[in-house]
Amino acid sequence: MASNYTVMDPCTEFNAMVCTGWEATHDYRPEQSTIGTLSDMDDKLQEVLHTILESPYTSNSIPPGTDPAVDKANFDKMQSAYHACSDEETIRSFGIKPLTDILDSFEEVFPLDGPETVGKDELTKAILNLSGKGVGALVGAGPSADDKEPDVMAVYLSPGSVGLPSKEYYNISDVVEKYKTAITAMFETMYGNSTGPAAPSGYRNRQAAGFADLAKKISDFEGSLDVLTADPADAADVTKYYNPMTLAEVDAWIPSICITDIVRGQVPKNFTSDRVINTDPAYYKNASAIIASTPREVLHGYFIWGIIRRWSGRLHKDFNKPWRQFNNVLAGRDPDAIADRWRTCVAEVDGNLGWLESGVYVQREFGPDQKAFGDRIIADIRSQFNTKLIGLDWMSEDVKKVAQEKVRNIVQKIGYPTKSPNVLDPQDLSDYYSGLSISNETYFANGVAFSKFGDAKEWIRLLEPTDKDRWYMTVPTVNAYYNPPGNEIVFPAGIMQYPVFQLGLPEYVSYGSFGAVAGHELSHGFDNSGRNYDVNGTYTDWWDNSTVTAFEQRANCFVQQYGNFTVPGLDNQPLHVNGDLTLGENIADAGGVSAAYGAWSLREFTQPNQLLPGLERFSKEQMFFISFGTTWCGKVRKETAVNRVYTDPHSPPQYRILGTLANSRPFKEAFNCPVKEPTCELW
C-alpha cells in the first residue's frame, strides 16, 4: 500500500493506492524488463528449483510403491541438463564450433556460391532442412487440434520467423540501425576469421564492413515479408485464421515453394491427409512474388541469420554478445545485462525436461490441501458464472441454456497432470523421455537433442486423436490458461502460492487474487474468441444473431475504453493500447473479478472472514478488491511496454487494475464511489 493510502481516493487512484508501496520496495534485476507480484512468486519458485537441482538425489518424498532406481535415473537426467548448462568453462572451450557446424551443414544444402537463380526444389529443400534445425524460415508448419474437429489433429501453416518482434519495428529507423549492426557483428563473429572449405567463399575473411550491406538486405527482406502478415488481433481470431485448404491449393498460392514437400517431409510417413489449415492466407498469396525476386545472397543471408538467431544463445556469452546486447537495448535493459547462470539453467530444465522437474516439485512442495482448496474456489466460481449467465439481459434464452451447459462441461485441471505423463509416476516419466539422451558436458548438443526430441513428439501426435490429458504448462509455472478446443481451464501448482493463494488467511485474499484469475480463465470461454467454441470445444456458430449483435455492442465499449489508455512511446509521445488486440483479456479480467466476487460473497455469507490486523479500516469487501489489485502490481521498462502494446494481448498492468475496476459495480459500491455505473459491462 502507498504510505499515504489513508488520504488517497480509491475511486480514481486505486492503482497508486495499492501498488505504490510495492513499487518503492521492488526494483529490476539487470536482466529483467518487467517485474510484478507474479514475477516475485516465480522468483521464489525458481529458488526452490535451484536448491533441488544443486542438491543430491533423495528418495524421501517419492510416492509409495515407486521404484527409487527409476526415480533417481529421472533425477540424474534432469540434473545432467542443469550441470551441462552451468559449466560455462566447458561451453566456452567449444567456442563457436557447435554453431558453425550447423551453418556448414546448411551450406551443403543451400550454398551461397550456387546459381544466382534459386529454383523451387532447392528453396523447398532449404526450408525443410531448416525446419529440422528448429528454424521456421519463410513458412512454418506444425500440428494442433483442429478447431472444427477438436478430437482430430491437423497441420497448421503460418508465416516464417523474422528477427524483430513486430512489423512496426521495421519502420523505426533507430531500431533498424541497431538491428543491422547486430546482424553485421554476429556474421563477423561466425565468418570473419573463417578460412575453412565449408565456409562460403563470399564470406571468407570478410570484415564487419563487408557484412553491413548484407545486414541491410536481410533487414529489408524481413520487413517486406513481415508487413504481409496478419495483425496480432487477426492472427488470434479463429474466424480469420481458420482457413482449411488442400496442399495443392496452397501450392498454387505460393508457387516459389512446394508446401506439399515441406509438410510431407515433416509429418509421419503414414499420415496421408492433404488437408491443412492456412492461418494467414494474405501472406501465402503475396509472399511468393517477393521471394521469387530476391537474390540468392539475400535468401542465403536470411537463412543463415535464422540459424544464428535460433542457436547463438547456446554459445558462451563471449560469442553471442552483439545479439544479446541488441535484445537488451530493445527491451530497455543495460546492453551488458545478463541473468545469473543458475536462472538460465533452471529455465533450461523447465523448458526441456519440464515434466521431470514437475514431478520433483509436486513431491516436495505441493500438498493435497492446496489442491483441494483450489478445486473448491474454481467450483464456486463456475457455479457463480452460471448464475450470472441466467441474469444476462443481452443473451437469448436458447443461448443461455447452451452456455450453461458449456460451463458445466468445462474440464478443470488443477495442480499437476496425472496422465500424459503422470508426474507422480517415475516409470511414466521415464517412458515419456525414453528417446532423449542427455550429457552433463555438452550444453549445445543437449539443445539440439531437445529440439529434435520435441519436434518428433509433436509431429507423431498427428497419428492419434487429440490428447485431452495433455498440459501446455509445466507444474512450477506461475500462470494459467483456457484452451478453447479442449474447453478446459488449467491451473498449475506454481500459481497456487502466496500471496495470491494461501490457506489460513481470510478467504477474500485468495478469492480476490487466485479466484479472479480462475474466473478470468473461465471467462475466456465466452470472450470474443472463446464464444466461437461450443460445449465440446468445436469451432461453430452457436450464438443467434441478436446475441451476437448485443455482445459486439458491449465488446466495442471495451475496445474504446482500453484504446484510450496510453503508455509513453519510443519517441515519448503517447502510444495507445490496442483495444482490439487486448479485447479478449480485458473481457476476461472483468468477468473474472465479477465471478470471483460473487463466489466469495456467498462464502462470506455462510462463513464470515476476519479482518487482517492493521487493515481494519477496510471492509472485507474492500479487502477483496485490494487483494485483486495487488495481484497486478508491477513495473515495465518503457521499451518493453512499447513492445507489449504491439504484440501482447494483455493490457499494461496498471490498466488491468484501473480498467477492470472501472467496469465493476461491486468495487464502486464497496468504496462508495460517486458513479456506481460500470464504464463497460458484460457479466
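Parameters at a glance
- Residues numbered from 1 in each chain as written.
- Predicted model: local features only at pLDDT ≥ 70, side-chain atom pairs only at ≥ 80, totals over all residues.
- Heavy atoms only, no water.
- Axes fitted to C-alpha atoms, helices over the stretch in contact; angles between N-to-C directions.
- Helix = DSSP H or I, 4+ residues; strand = E, 2+ residues; numbered from the N terminus.
- Left-handed = near helix turned anticlockwise from the far one by under 90°.
- Contact = heavy atoms within 4.5 Å.
- Nonpolar A, V, L, I, M, F, W, Y, C, P; charged D, E, K, R; others polar.
- 1 Å grid on protein atoms, 1.4 Å probe; cavity = no way out; pocket = protein on both sides within 12 Å on 5 of 7 lines; lining within 4 Å.
- Points joined across faces, edges and corners; volume = space filled by probe spheres on them.
- Expected span 1.5 Å × (residues − 1).
- Buried < 20%, exposed > 50% of the residue type's maximum accessible area, 1.4 Å probe, protein only.
- UniProt positions renumbered as here; feature names shortened; annotations may be inferred.
- Domains from an automatic or database assignment.
- Buried area = accessible area lost by both parts, 1.4 Å probe.
- Salt bridge = Lys/Arg side-chain N within 4 Å of Asp/Glu carboxyl O.
- Disulfide = S-S within 2.5 Å.

A. A look at the packing of helix H3 (residues 68–86) against helix H16 (residues 341–352). Orientation of H3 relative to H16, taken along the N-to-C sense of each, is 145°, at an axis distance of 9 Å. Viewed along their axes, H3 and H16 form a crossing whose handedness is right-handed. Where H3 abuts H16, its residues Met78, Ala81, Tyr82, Cys85 and Ser86 lie against Arg341, Trp342, Thr344, Cys345, Val346, Glu348 and Val349. Looking at side-chain class alone, the contact of H3 with H16 contains 8 nonpolar, 2 polar and 2 charged residues.

B. Quick peek at empty space enclosed by the protein. The final tally for this structure, using the stated rule, is 3 cavities of 30 Å³ or more. Contributing to the lining of the largest cavity are Asp71, Asn74, Phe75, Met78, Leu356, Gly359, Val360, Gln363 and Leu429. Those elements that place two or more of their residues in the lining of the largest cavity are H3 and helix H17 (354–365). Class assignment for the residues of the lining of the largest cavity results in 5 nonpolar, 3 polar and 1 charged.

C. Quick look at helix H24 (residues 583–606). Counted at 1.5 Å a residue, the expected span for H24 with its 24 residues is 34 Å, and the 36 Å between its end C-alpha atoms agrees. In terms of residue burial, H24 counts as a mostly covered element, since 19 of its 24 residues are buried.

D. A look at the UniProt feature "domain: Peptidase M13 C-terminal" (unreviewed entry) in the protein chain. UniProt's feature table lists "domain: Peptidase M13 C-terminal" (unreviewed entry) at residues 479–677, given in the numbering used throughout. For the annotated span residues 479–677, helix accounts for 49% and strand for 9% of the residues, and the straight-line distance between the end C-alpha atoms is 31 Å.

E. Local environment of the domain arrangement of the protein chain. Each domain of the protein chain was delimited in the assignment, giving domain 1 (13–30 + 377–410 + 495–671) and domain 2 (96–314). A separation of 38 Å is found between the C-alpha centroids of domain 1 and domain 2. Between domain 1 and domain 2, the contact holds 15 residues from the first and 16 residues from the second. Around 1,200 Å² of area is buried between domain 1 and domain 2 when both sides are counted, 63% of it from carbon and sulfur atoms. A per-residue breakdown of the area domain 1 buries against domain 2 is headed by Tyr533, Tyr539 and Tyr646, which together make up 47% of the total. For the pair domain 1 and domain 2, the interface holds 0 salt bridges.

F. Structural view of the state of the cysteines. All told, the structure shown has 4 disulfides when counted by the stated rule. The disulfide that involves Cys11 links it to Cys673, with 2.1 Å between the sulfurs. On the sign convention where negative is left-handed, the bridge of Cys11 and Cys673, at about -100° about the S-S bond, is left-handed. Here the residue Cys11 occupies a position in helix H1 (residues 10–25), and Cys673 occupies one in the segment after helix H28 (665–670), the gap between them amounting to 662 residues. A relative accessible area of 26% means that Cys11 is categorised as partly exposed. Linked covalently through their sulfurs, Cys19 and Cys633 form a disulfide whose S-S length is 2.1 Å. Because the torsion about its S-S bond is -85°, the bridge between Cys19 and Cys633 counts as left-handed. Here the residue Cys19 occupies a position in helix H1, and Cys633 occupies one in the loop between helix H25 (620–631) and strand E11 (634–636), the gap between them amounting to 614 residues. Cysteines bonded in the protein chain are numbered consecutively along the chain; their disulfide partners then correspond to 1-7, 2-6, 3-4, 5-8.

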